[in-house]
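Below are the chains, spelled out letter by letter.
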Amino acid sequence: MNVLMITGASSGIGLAIAQRFSNNGWRVINISRRSCPVAAVNLSCDLTQPDALFAHHDALTNALTTATKICLVHNAAVMHLHRIDQLPSADLRSVLELNIIAANQLNQIVIPLLPPTSSVIYIGSTLAEKAVPGVASYVIAKHALVGMMRATCQDFAGRGIHTCMICPGFTNTPQLHAVIGDNADMLTGIKALSAFERLIEPEEIAATVAFAATAPVLNGAVIHANLGQRER
Ligand SMILES: NC(=O)c1ccc[n+]([C@@H]2O[C@H](COP(=O)([O-])OP(=O)(O)OC[C@H]3O[C@@H](n4cnc5c(N)ncnc54)[C@H](OP(=O)(O)O)[C@@H]3O)[C@@H](O)[C@H]2O)c1
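Rules used in this analysis
Residues numbered from 1 in each chain as written. Predicted model: local features only at pLDDT ≥ 70, side-chain atom pairs only at ≥ 80, totals over all residues. Heavy atoms only, no water. Axes fitted to C-alpha atoms, helices over the stretch in contact; angles between N-to-C directions. Helix = DSSP H or I, 4+ residues; strand = E, 2+ residues; numbered from the N terminus. Parallel < 35°, antiparallel > 145°, perpendicular 65-115°, else oblique. Left-handed = near helix turned anticlockwise from the far one by under 90°. Contact = heavy atoms within 4.5 Å. Nonpolar A, V, L, I, M, F, W, Y, C, P; charged D, E, K, R; others polar. Near = heavy atom within 4 Å. Polar contact = N/O pair within 3.5 Å; in protein donor to acceptor, adjacent residues only side chain to side chain. Expected span 1.5 Å × (residues − 1). Buried < 20%, exposed > 50% of the residue type's maximum accessible area, 1.4 Å probe, protein only. Pairing = 2+ DSSP bridges.

Peer 1: How would you explain the packing of helix H1 (residues 12-23) against helix H7 (residues 202-212) if you had to name every residue and give the values?
Peer 2: It is at 8 Å that the axes of H1 and H7 come closest, and there the two elements cross at 55 degrees. Judged on the interaxial angle alone, H7 and H1 are oblique. Crossing of H1 over H7 shows right-handed handedness. Within the contact between the two elements, H1 uses Gly12, Ile13, Ala16, Ile17, Arg20 and Phe21 and H7 uses Pro202, Glu203, Ile205, Ala206, Ala207, Val209 and Ala210. Its residues placed into classes, the contact of H1 with H7 shows 10 nonpolar, 1 polar and 2 charged.

Now the structure itself:
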């Protein structure tokens with residue numbers, strides 16, 4: 001049985017990924033605070049809480065016992081608005097706990113169980129390889145996640161598993177709309193940054209992840225899925 005294990009499939013891109021894999025016959029296991037409607041198993045977990053995943057260790061491993069192929073997707077994230085000189089350490093710690101430490105803990109539990117042809121896919125961002133003002137903790141976390149993906153590639157060479165990072169551009173999800181609010185000018189400006197002058201739909205990112213899960217040639221790759229961004 002093919003199994004998708006994903007963080008943050010209650011909403012947005014994660015939900016679209018879960019739906020895509022479920023439609024393709026994969027069993028979906030979701031980890032987030034709210035549940036995912038298409039998941040066979042929902043493990044309710046606040047990933048900002050240190051060691052939160054270890055409470056689910058047995059449920060996580062039991063859910064994978066019959067898997068012949070696993071795709072592990074590190075997707076859950078938040079974007080907070082802080083400049084680097086006004087970034088509270090508590091906020092940075094919480095963002096790193098969710099984006100980096102939780103991904104590391106999940107890797108500790110799941111990677112030893114991955115059969116050959118499995119994959120570990122990290123959801124990055126355009127901001128994994130560049131910065132813009134005012135979202136310092138997000139930029140820091142996404143850059144660190146690139147390093148985790150590259151270390152995954154190097155440390156598991158020869159295991160028959162592959163890893164990559166998919167970096168969405170501006171995607172039509174609750175996270176993006178939480179940042180934009182009802183600022184129509186900001187939305188227009190964001191669309192204008194795209195070479196296609198529109199937002200990406202979550203299903204487009206899900207299709208890219210589904211392809212990456214079947215493509216070991218992408219091992220260690222950072223893949224920008226952003227419609228082409230105009231640089232200012
Ligand atoms: N939307 C964009 O424009 C965009 C652009 C580039 C990259 N991305 C990346 O795409 C990924 C998905 O983003 P999205 O836009 O789909 O966001 P979203 O709709 O806000 O979904 C975020 C997901 O993360 C989960 N999550 C957040 N905090 C959590 C916590 N403390 N514990 C457990 N789960 C938590 C949420 O689940 P619960 O709230 O149920 O816990 C939710 O399922 C993220 O990695 C994001 O950085 C998005």
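Peer 1: An account of the site of the ligand is requested, with residue identities and associated values reported.
Peer 2: Around the ligand lies a shell of 30 residues, among which Ser10, Ser11, Asn75, Tyr138 and Thr173 are the nearest. Between the ligand and the protein, one listed contact pairs an oxygen atom with a backbone N or O atom of Gly8 at 3.0 Å. For the shell around the ligand, the class distribution of residues is 13 nonpolar, 13 polar and 4 charged.

Peer 1: Break down H1 for me, citing the residues and quoting the values.
Peer 2: Relative to the 16 Å expected for 12 residues at 1.5 Å per residue, H1 spans 17 Å between its end C-alpha atoms, a close match to the ideal helical length. Following H1 by one or two positions, Gly25 adopts a phi angle in the positive range, close to 90 degrees.

Peer 1: So, the pairing of strand S2 (residues 27-32): which residues are in play, and what are the values?
Peer 2: Along S2, 5 of the 6 residues are buried, which leaves the element largely enclosed by surrounding structure. In this sheet, S2 lies alongside strand S1 (residues 2-7) in parallel orientation, the contact comprising 5 bridges. Residue Val3 lies in a different strand from S2, and its bridge partner there is Arg27. By the bridge criterion, 4 bridges tie S2 to strand S3 (residues 41-44) in an arrangement that is parallel. Considered in S3, the bridge of Ser32 is made with Ser44.

Peer 1: Talk me through the packing of helix H3 (residues 89-110) against helix H4 (residues 136-155); I want residue IDs and the actual numbers.
Peer 2: Axes are the key here: two packed helices are described by the angle between their axes and the distance separating the axes. Viewed as axis vectors pointing N to C, H3 and H4 meet at an angle of 15 degrees, and their least axial separation amounts to 9 Å. Taken together, the axis directions place H3 and H4 in an arrangement best described as roughly parallel. As for the relative orientation of H3 and H4, their crossing is right-handed in sense. Across the interface between the two elements, Asp91, Leu92, Val95, Leu96, Asn99, Ile100, Ala103, Asn104 and Asn107 from H3 touch Ser137, Ile140, Ala141, Lys142, Ala144, Leu145, Met148 and Thr152 from H4. Grouping the amino acids of the contact of H3 with H4 by side-chain chemistry returns 10 nonpolar, 5 polar and 2 charged.

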